[in-house]
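One letter stands for each residue in the lines below.
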Amino acid sequence: MTQQTNKQVLHSIRQHFNDDDAVKLQSIQSLWSDYGEIARYWLPSLSSSVVVKSVNPPDDTQHPRGWNTTVSHQRKLDSYRNEQYFYQHYSAFTDNYCHVPRCLGTGQFGKQSWLILQDLDQHGFTYRCDDAPLALVKLGLRWLAYFHARFLQEPLSGLWPIGTYWHLATRPDEWQKMPDGRLKQQAQSIDNQLNQAGFQTLLHGDAKLANFCFSQDQTDLAAVDFQYVGAGVGVKDVAYFLGSCFDSDGLIHHADMLLDHYFSCLHQAAKHYVINTDIAAVEHQWRALYPLAWADFQRFLIGWATEHYKINDYMLMMTDKVLTSLNN
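Because the structure is a prediction, the values reported are computed rather than measured.

Student: Got a minute to help me understand the environment of glycine 107 in this structure?
Tutor: On the secondary structure map, glycine 107 appears in strand S4 (residues 103–109). As a C-alpha pair, glycine 107 and leucine 77 span 30 residues in sequence and 15 Å in three-dimensional space. Apart from residues no more than four positions distant in its own chain, glycine 107 is found in contact with Gln112, Ser113 and Trp114.

Right, dumping it as structure tokens:
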């Protein structure tokens, strides 16, 4: 970020907390395509740090894969507004079974905006991993199950009407780039079946392993990055999460067991939240849609990055299953 932007964010934080001694400790990471940064600030008045997600879109966008389009730029801007709305209006309805950082404040100055969030490290969620053992994968699925159960069949407003960053309506450029074939021809049908399913919930929308923060003893976790939270069927999050945890061999060996684990947690979560919806019916519908969730994500990947490593034998097997069914 520019020096002026840093000064503006720091000034806002000092005003918000009435703490003139607040200081920036470190930049944690840049946002995708250099749209801002996530940074840690120290507040002496609270004897605690906070995490600030600052959005300051560049005038000249440079996408890592060359998607420098007006559609792409507007989707990113909308996603940051979507995330802010989630933290302001929905995050308070979560609990320790689907923990998210508490929103401590928001701000805006011109085209720049920022979110002030609890520092998860200060609350014990200090462990990150990019190669999770089964126990941590199960924790991630538990988080998703409770999050999905909490918002199952709830009226959702103010957020993306369809969650996830890859759904068809927001990816016309990528669809156009796909080679002709059965998946491209059936893309709309797959999209319709997922979006028109009778049981819908709130999706995280980008539930990859990197967006989960685990406790140091690896018994609990919290999720971050809610830019693409919105409505959908829970298995879209599940398929995407599993794809971020395993290669093809891992998916072939573990996916069925882990899908069972997710639905077991979903039943437990329904009891926890005293949900009246028929969870057995939800499971029946979402299990049938699980292969479509894989096919839907493959459709995006083929148009976005044809040789992407996530297009593996397991994904191809799921997609072939869907296309064979649709052609019969």
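Student: Hey, could you run me through the pairing of S4 in this one?
Tutor: Consecutive side chains of a regular strand alternate in pointing toward one face of the sheet and then the other. Summarising the sheet, S4 and strand S5 (residues 112–118) pair through six bridges and their orientation is antiparallel. Each bridged residue has a counterpart across the sheet, and for glycine 107 the counterpart in S5 is tryptophan 114. Hairpin connection of S4 to S5: two residues between the antiparallel strands, including glycine 110 at a positive phi of 65°.

Student: Just checking my understanding: could you explain helix H5 (residues 182–195) for this structure?
Tutor: Residues three or four positions apart in an α-helix share a direction because the helix packs 3.6 residues into each turn. In this model, H5 (14 residues) spans 20 Å end to end at C-alpha, consistent with the 20 Å of a helix rising 1.5 Å per residue. Of all the bends in H5, the greatest, near 40°, is centred on glutamine 188. Buried residues in H5 make contact with helix H4 (172–177), helix H6 (234–245), helix H8 (279–304) and helix H9 (313–327).

Student: What exactly am I supposed to notice about the pattern of salt bridges here?
Tutor: Where charged atoms from two side chains of opposite charge come close, those side chains can pair. Under the defined criterion, the tally for this structure stands at 14 salt bridges. Aspartate 260 is the partner of arginine 287 in a salt bridge, and the nearest nitrogen-oxygen pair spans 2.6 Å. Taken together, the positions of arginine 287 in helix H8 and aspartate 260 in helix H7 (residues 248–272) put the pair 27 residues apart, joining distant regions of the chain. Accessibility expressed as a relative area gives 29% for arginine 287, which makes it partly exposed. Aspartate 260 sits in the partly exposed class, given a relative accessible area of 41%. What you see here is one network of salt bridges that share partners, running through Arg40, Asp119, Asp121 and Arg128.

Student: What is the right way to read the environment of valine 229 from this model?
Tutor: Structurally, valine 229 is set in the loop between strand S8 (221–223) and strand S9 (230–232). Here valine 229 falls in the buried class, since its relative accessible area comes to 0%. Distance in space between the C-alpha atoms of valine 229 and serine 248 is 27 Å, their sequence separation being 19 residues.

Student: Would you mind showing me how to read the sheet that holds S4 here?
Tutor: Consider a sheet: its strands pair through backbone hydrogen bonds, and that pairing is either parallel or antiparallel. With respect to topology, five strands assemble into an open sheet ordered S1-S2-S3-S5-S4, the strand pairing being antiparallel. Single-partner strands in this sheet number two, and they are strand S1 (23–30) and S4. Put simply, the sheet's adjacent strands are angled 20° from each other on average, direction ignored.

Student: For this particular structure, what's the right way to read the nonpolar core?
Tutor: One broad rule of soluble globular proteins: the nonpolar side chains tend to lie buried together. Membership of the largest hydrophobic core comes to 82 residues, with the highest contact counts inside it found for Trp143, Leu242, Trp286 and Tyr290. Top element by residues in this core is H8. It accounts for 14 residues. The residues touching tyrosine 290, leaving out its near neighbours within four places in the chain, are Val235, Val238, Ala239, Leu242, Ala255, Leu259, Tyr314 and Met318.

Student: I keep staring at the packing of aromatic side chains and nothing clicks. Help me out?
Tutor: The geometry of two aromatic rings is summed up by the distance between their centres and the angle between their planes. Here the structure, examined in full by the defined rule, presents 27 aromatic pairs. Aromatic side chains tryptophan 143 and phenylalanine 226 sit 6.3 Å apart centroid to centroid with 40° between the ring planes, which places their arrangement in the tilted category. You can see tryptophan 143 sitting in helix H3 (residues 134–150) and its partner phenylalanine 226 sitting in the loop between S8 and S9, a full 83 residues away along the chain. Exposure remark for phenylalanine 226: the relative accessible area of 0% places this residue in the buried category.

Student: What exactly am I supposed to notice about the side chain of arginine 75 here?
Tutor: Tracing the backbone through its elements, the reader meets arginine 75 in helix H2 (residues 70–89). At 2.8 Å, the side chain of arginine 75 and the backbone oxygen of threonine 170 are in polar contact. Setting aside its immediate chain neighbours within four residues, arginine 75 contacts Trp160, Tyr165, Thr170, Arg171, Glu174 and Tyr228.

Parameters and conventions
Residues numbered from 1 in each chain as written. Predicted model: local features only at pLDDT ≥ 70, side-chain atom pairs only at ≥ 80, totals over all residues. Heavy atoms only, no water. Helix = DSSP H or I, 4+ residues; strand = E, 2+ residues; numbered from the N terminus. Contact = heavy atoms within 4.5 Å. Pairing = 2+ DSSP bridges. Expected span 1.5 Å × (residues − 1). Bend = angle between axes of the 7 residues up to and from the residue. Salt bridge = Lys/Arg side-chain N within 4 Å of Asp/Glu carboxyl O. Buried < 20%, exposed > 50% of the residue type's maximum accessible area, 1.4 Å probe, protein only. Axes fitted to C-alpha atoms, helices over the stretch in contact; angles between N-to-C directions. Core = buried A, V, L, I, M, F, W, Y, C linked by side-chain atoms within 4.5 Å. Phe/Tyr/Trp six-rings, centres within 6.5 Å; stacked < 30°, edge-to-face > 60°. Polar contact = N/O pair within 3.5 Å; in protein donor to acceptor, adjacent residues only side chain to side chain.

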